[in-house]
Protein chains: 2
Amino acid sequence: MGNTTRSKTELSELGEFGLIQRLTEKIVLKNEGSIKGVGDDCAVLDFKNKKIVVTTDLLTEGIHFNLMYVPLKHLGYKAVTVNLSDVYAMNATPKQITVSIAVSAKMSVEALDEFYSGIYLACERYGVDLVGGDTTSSLTGFTISVTAIGEAEEGELVYRNGAKDTDLLCVTGDLGGAYMGLQLLERENEVFKINPKMVPQFAGYDYILGRQLKPEARKDILPIFRELGIHPTSMIDISDGLSSEIFHLCNQSGVGCRLYEDRLLFDSQTKKMAAELNINPLVAALNGGEDYELLFTIPVTEHDKVRNHPDISVIGHITDRSEGVNLITAGIGQLIPLTAQGWNGLNERIKE
Amino acid sequence: MGNTTRSKTELSELGEFGLIQRLTEKIVLKNEGSIKGVGDDCAVLDFKNKKIVVTTDLLTEGIHFNLMYVPLKHLGYKAVTVNLSDVYAMNATPKQITVSIAVSAKMSVEALDEFYSGIYLACERYGVDLVGGDTTSSLTGFTISVTAIGEAEEGELVYRNGAKDTDLLCVTGDLGGAYMGLQLLERENEVFKINPKMVPQFAGYDYILGRQLKPEARKDILPIFRELGIHPTSMIDISDGLSSEIFHLCNQSGVGCRLYEDRLLFDSQTKKMAAELNINPLVAALNGGEDYELLFTIPVTEHDKVRNHPDISVIGHITDRSEGVNLITAGIGQLIPLTAQGWNGLNERIKE
């Protein structure tokens, strides 16, 4: 575990401008709308007559990531994809990102190269340009701020507030995997801290580890919507946990919801890890977060369009606000009011 | 000194969503182009057919600010204006900002209210909308990330790379004040640490303290350009120090430069503080940074337009690249090659 690099160059050897030069010299802007990237007071962009969407995230060491077990390349990749996920959740297409970092003097140039290799890999895979940022120092941990900018035609945009009574609640992919991946990493990190000679037990869990360490944003869903002739009435990405996201949709739309436990999809590794750690996978899905799947609603009249799609599950339906937000349990079908727990980012999330 | 608040509410009492609600509930979007602000996966903006500029800054406690003597309201204000300064340096008009913060649990809700009151004051004065951000926790210090978005017609934009041989080098306002203000704050903080009963000696230095603690961006210069019929050939804002900014302009434009010491304008407080601390005000101007004035070039044929303007000084002229970047000293007119020192953000800047 841990991040090892062969050679180590001190950041002070390059200086601020030298470092920026090194980290950005290979950038080739690919999007027509990226007129000017790194190197001036601002980036300059052109979206013609399209609407622009903007989202930003701030990630701090010890809260959002633990460098003991998160490879820097994955961290760079994830820092980008979690922002792109917000853009896709608007039914928009990401085009540019800015990346700012604050680094402590103990971080090496080679470590930052690793981090940026993940950033650039995500840029390449998602067709976005890195057009700006800030590079500065930190007295303590590593801090990352990413802003993503995307575009959409006005009529394409999907907000959180459009869900209507009787709409179907749908989700892409499977849930709870990222959370179970985190539990596995935490467990092995604890073992490692006690005995550094122990070999981490990761075999058979590549999927949930990947869900935690290098999540993908659902770029593929937008063309699927077009293919199926679907325009969601509301949409949000699952970053804080299904429960919290359902509450966001319902609150903003002024509706209630019924979520059916037996409709939730779990990967076999999620279930296996959950059993091993004695965690109910439902809890991982509801409160774990970081799945970066898309949660959306469509009119019930469009049920046939999604019914058999392998990437989409219908997990519930919208109700009148007065009915509240409820989970219908598997088996006996008990109705349990959901809470908007989600992940409280203001509490410490990962342990040292 | 220090930040005192009467009542203290723990952040955990509000939780993440409660805190976001409290900090953003008073927002009223004012710009026509701000279609959707805080509360969805992304902000949605509309710039019609205009070009968009984007800039971002990351500020960390202990490097960019010292909470021992920086009032939180000023910090919020400054975090915004330094970004707007970058937008004006493109000859563009800022329209929106996003603000992300990472806070340690020890920070109170009231302290964040103070910080945001500065953010909102800047938004009001500069006509920009707060449209998004991220609120998260930090294991250590306070971290701020601001992204500013602005607009301009294509032909209005001014880049760093357009300076031509014989162009005049111009600067707005006076220089070195922010640096001398910082020195004063540092000195009094040292005194305070040794004897907390000592009353800080700030009398007569309100201007340079203001330059350091709550700098303004030169919003007023764009209409002046239009009034004077000036379109700069290149422009940059002075954040890292005049020397470093001149190097940026010259490098990107492929030219050299002569800067005349006797043309530099200093405020009387800057000179007085510099004398008191035995610092050459020239050094404060060249390497101090944070003046947030605009440095720009215009064709020599336009000299008459700026010659007598109270807000603009002609401080030098552009030369062929082969002549390098030189300072012509006052008095005997010695020619001294400048170095691109500026402020190296990767070294610690302020002491604890």
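Every value quoted in this text rests on a predicted model; they were computed, and no experiment measured them.

## Some thoughts on the environment of Val146 of chain B
Residue and element names in this part refer to chain B.
And step 1. Note on placement: Val146 falls in strand β6 (residues 143-152).
And step 2. Take Val146: there are 31 C-beta atoms within 10 Å of it, and that puts it in the buried class.
And step 3. Spatially, the C-alpha atoms of Val146 and Ala79 are 6.8 Å apart, while their sequence positions differ by 67 residues.

## Structural notes on the packing of helix α4 (residues 177-194) of chain A against helix α8 (residues 268-276) of chain A
Residues and elements named next belong to chain A.
And step 1. Look at α4 against α8: their axes get within 9 Å of each other, and the N-to-C directions meet at 45 degrees. With respect to α8, the axis of α4 lies oblique. Considering how the two elements wind past one another, α4 and α8 form a crossing that is left-handed. Of α8, the residues touching α4 (which contributes Gly177, Met180, Gln183 and Leu184) are Gln269, Thr270, Met273 and Ala274.

## A closer look at the interface of chain A and chain B
And step 1. Contacts between chain A and chain B engage 60 residues on the former and 60 residues on the latter.
And step 2. With 9 residues, strand β3 (residues 51-60) of chain A is the largest single contributor of residues to the side of chain A that touches chain B.
And step 3. Tallied by class, the residues present in the side of chain A that touches chain B amount to 25 nonpolar, 22 polar and 13 charged.
And step 4. Alignment of β3 of chain A against strand β2 (residues 43-46) of chain B, held across 4 bridges, turns out to be antiparallel. Among the inter-strand pairings, Lys51 of chain A is bridged to a residue of β2 of chain B, identified as Asp46 of chain B.

## A short note on the domain arrangement of chain A
Residue and element names in this part refer to chain A.
And step 1. Structurally, chain A comprises domain 1 (15-156) and domain 2 (168-337).
And step 2. Centre-to-centre, using C-alpha coordinates, domain 1 lies 26 Å away from domain 2.
And step 3. Contact residues are listed per partner, giving 15 residues for domain 1 and 18 residues for domain 2.
And step 4. Here the side of domain 1 that touches domain 2 takes 9 residues from helix α2 (residues 72-88), the largest share from any one element.
And step 5. Here the side of domain 1 that touches domain 2 is composed, by residue class, of 9 nonpolar, 4 polar and 2 charged.

## Describing the sheet that holds strand β2 (residues 43-46) of chain A
And step 1. The mixed open sheet is built from 6 strands, whose spatial order is β1(A)-β2(A)-β3(B)-β6(B)-β4(B)-β5(B). With one partner strand each, in any of the chains shown, β1 (34-36) of chain A together with β5 (129-137) of chain B form the two edges of the open sheet. Pairs of neighbouring strands in the sheet enclose a mean axial angle of 20 degrees, with direction left out of account.
And step 2. Of the strands in this sheet, β4 (93-103) and β5 of chain B are in contact with helix α3 (residues 109-126) of chain B, which crosses β4 of chain B at around 170 degrees.

## Overview of the sheet that holds β2 of chain B
And step 1. With mixed pairing, the 6 strands of this open sheet are ordered in space as β5(A)-β4(A)-β6(A)-β3(A)-β2(B)-β1(B). Each having just a single partner strand, β5 (129-137) of chain A together with β1 (34-36) of chain B make up the two edges of the open sheet. Along the sheet, successive strands turn relative to each other by an average axial angle of 20 degrees, direction set aside.
And step 2. Bridging between β1 of chain B and β2 of chain B involves 2 bridges; their strand directions are antiparallel. Within the sheet, the bridge partner assigned to Ser34 of chain B lies in β2 of chain B and is Leu45 of chain B.
And step 3. Set on the sheet, α2 of chain A makes contact with β3, β4 (93-103) and β6 (143-152) of chain A; between it and β6 of chain A the angle comes to about 35 degrees.

## Some points on the nonpolar core
And step 1. Judged by nonpolar contacts, the single largest core of 203 residues is most densely connected at Val53 of chain A together with Val53 and Leu295 of chain B.
And step 2. Once residues within four sequence positions are removed from consideration, Val53 of chain B is found in contact with Cys42, Ala43 and Val44 of chain A together with Val87, Met90, Ala92, Gly150 and Ala152 of chain B.

## Details of unusual backbone geometry
Residues and elements named next belong to chain B.
And step 1. Of note in this structure, Asn91 is not a glycine but carries a positive phi near 65 degrees.
And step 2. Positionally, Asn91 belongs in the loop between α2 (72-88) and β4.
And step 3. Although it is not a glycine, Asn278 sits at a positive phi angle of roughly 60 degrees.
And step 4. Tracing the backbone through its elements, the reader meets Asn278 in the loop between α8 (268-276) and α9 (281-288).

## A closer look at the relation of the copies chain A and chain B
And step 1. For the match of chain A to chain B, the screw axis carries a shift of 0.0 Å, the RMSD comes to 0.0 Å, and the turn is 180 degrees. Within this description, the copies of the chain are treated as partners about a two-fold rotation axis. Within chain A, Asn49 of chain A has its C-alpha nearest the rotation axis, a separation of 2.7 Å.

How each quantity is defined
Residues numbered from 1 in each chain as written. Chains lettered and ligands numbered in written order. Predicted model: local features only at pLDDT ≥ 70, side-chain atom pairs only at ≥ 80, totals over all residues. Helix = DSSP H or I, 4+ residues; strand = E, 2+ residues; numbered from the N terminus. Buried ≥ 20, exposed ≤ 12 C-beta atoms within 10 Å, placed from the backbone. Axes fitted to C-alpha atoms, helices over the stretch in contact; angles between N-to-C directions. Parallel < 35°, antiparallel > 145°, perpendicular 65-115°, else oblique. Left-handed = near helix turned anticlockwise from the far one by under 90°. Contact = placed C-beta atoms within 7 Å. Nonpolar A, V, L, I, M, F, W, Y, C, P; charged D, E, K, R; others polar. Pairing = 2+ DSSP bridges. Domains from an automatic or database assignment. Core = buried A, V, L, I, M, F, W, Y, C linked by C-beta atoms within 7 Å. Least-squares fit on C-alpha atoms with pLDDT ≥ 70 in both.

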